[in-house]
Amino acid sequence: MTERMCITLRPERIQFSGNCIKILDSRNGKYKIPYQRIVLAVMSVPDRESGIYYEPEIADITRDMEGDIILYDAENRRWRIVMDMAENTAGDVMVDLAVHAPYILMGGQEWLNVDSEEEFIEAVRMTDVMRHADKAGGV
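Since we're looking at a predicted model, the values are computed, not measured.

So what's going on with the pattern of salt bridges? Residues and values would help.
For the structure shown, the criterion picks out 10 salt bridges. The partner of Arg 77 in a salt bridge is Asp 73, and the shortest N-O contact between them spans 2.8 Å. The exposure class of Arg 77 is partly exposed, given its relative accessible area of 24%. Close ionic contact of Glu 122 with Arg 125 constitutes a salt bridge, the shortest N to O distance being 3.5 Å. Highlighted residues: Glu 122 and Arg 125, both in helix H2 (residues 117–135), separated by 3 residues, approximately one helical turn. By sharing partners, the salt bridges in this structure join Arg 37, Asp 73, Glu 75 and Arg 77 into a single network.

If you had to explain helix H1 (residues 90–100) to someone new, which residues and values would you point to?
What H1 keeps buried is the set Ala 90, Gly 91, Val 93, Met 94 and Leu 97. Down the axis of H1, the smallest arc covering the buried residues is 160°, so these residues share one side. Those residues of H1 that are buried lie in contact with strand E2 (11–16), strand E3 (20–25), strand E5 (38–46), strand E7 (68–73) and strand E9 (105–106).

Outline the nonpolar core, supporting the account with residue identities and numerical values.
In this structure, Ile 14, Ile 21, Ile 69, Leu 71, Met 83, Leu 97 and Ile 104 are the most contacted members of the largest nonpolar core, which totals 28 residues. Looking at this core, the elements with two or more residues in it are strand E1 (5–9), E2, E3, E5, E7, strand E8 (77–81) and H1. Counting 11 residues, the second-largest nonpolar core is a separate cluster that includes Val 39, Ile 70, Leu 112 and Ala 123.

Could you give an account of the sheet that holds strand E4 (residues 29–34), naming the residues involved and the relevant values?
In spatial order, the strands read E2-E3-E4; together these 3 strands make up an open sheet with antiparallel pairing. Strands at the two margins of the open sheet, each flanked by one partner only, are E2 and E4. Pairs of neighbouring strands in the sheet enclose a mean axial angle of 20°, with direction left out of account. Bridge count between E3 and E4: 6 bridges; the pairing is antiparallel. If you follow Ile 23 over to E4, its bridge partner there is Tyr 31. Sheet strands touched by H1: E2 and E3. Its angle to E2, the strand with the most contacts, is close to 25°.

I'd like a description of the side chain of Arg 131, backed by residues and values.
As for its position among the elements, Arg 131 is in helix H2. Note on Arg 131: relative accessible area 6%, which makes it buried. Within polar-contact distance, the side chain of Arg 131 engages the backbone oxygen of Gln 36 at 2.8 Å. Discounting residues that sit within four places of it in the chain, Arg 131 has contacts with Gln 36 and Tyr 103.

I'd love a proper account of unusual backbone geometry, names of residues and values included.
For Asn 76, which is not glycine, the phi dihedral falls at a positive 65°. Position of Asn 76 relative to the elements: it lies in the loop between E7 and E8.

I'd like a rundown of a positive patch on the surface, residues and numbers included.
Together, Arg 13, Lys 22, Lys 30 and Lys 32 give the surface a local cluster of positive charge. Topologically, Arg 13 is positioned in strand E2. On the basis of relative accessibility, which here comes to 35%, the residue Arg 13 falls in the partly exposed class.

Quick notes on the rules
Residues numbered from 1 in each chain as written. Predicted model: local features only at pLDDT ≥ 70, side-chain atom pairs only at ≥ 80, totals over all residues. Heavy atoms only, no water. Salt bridge = Lys/Arg side-chain N within 4 Å of Asp/Glu carboxyl O. Buried < 20%, exposed > 50% of the residue type's maximum accessible area, 1.4 Å probe, protein only. Helix = DSSP H or I, 4+ residues; strand = E, 2+ residues; numbered from the N terminus. Arc of directions from axis to C-beta. Contact = heavy atoms within 4.5 Å. Core = buried A, V, L, I, M, F, W, Y, C linked by side-chain atoms within 4.5 Å. Pairing = 2+ DSSP bridges. Axes fitted to C-alpha atoms, helices over the stretch in contact; angles between N-to-C directions. Polar contact = N/O pair within 3.5 Å; in protein donor to acceptor, adjacent residues only side chain to side chain. Patch = residues over 30% accessible without salt bridge, like charges linked within 9 Å, V, L, I, M, F, W, Y side chains within 5 Å. Areas by Shrake-Rupley, 256 points an atom, 1.4 Å probe, with all protein chains shown as cover. Lys, Arg positive; Asp, Glu negative; His and termini not counted. Charge placed at Lys NZ, Arg CZ, Asp CG, Glu CD.

Shown next as structure tokens:
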């Protein structure tokens, strides 16, 4: 797979609009990430005992969970959103993102190796199908 561009943000504020996430970054200004381009959203959460980071499945994410958010988009970018300065928790953002973009893959996905071009392309196809079904009222 071609090397993925990695963008790290430390937001002061995150807002959800009708078609994108709006992020006010503490150093680099404003960003907009369209929902329709997001393929996968995961949390990177430190284990309290070991300190090792893990990616919880969507069913295990709660609004009060702390951690960082990692978004993968169809243009081969990875957005790491470091939540230490944000008004809300990573769990809050993940729950709100699931409401605004129910067609993206959310939470840790054991079956998906994001570094495998073949598997990631399949994930892009899956989210495209789910997004079109959502627009047609089928999801």
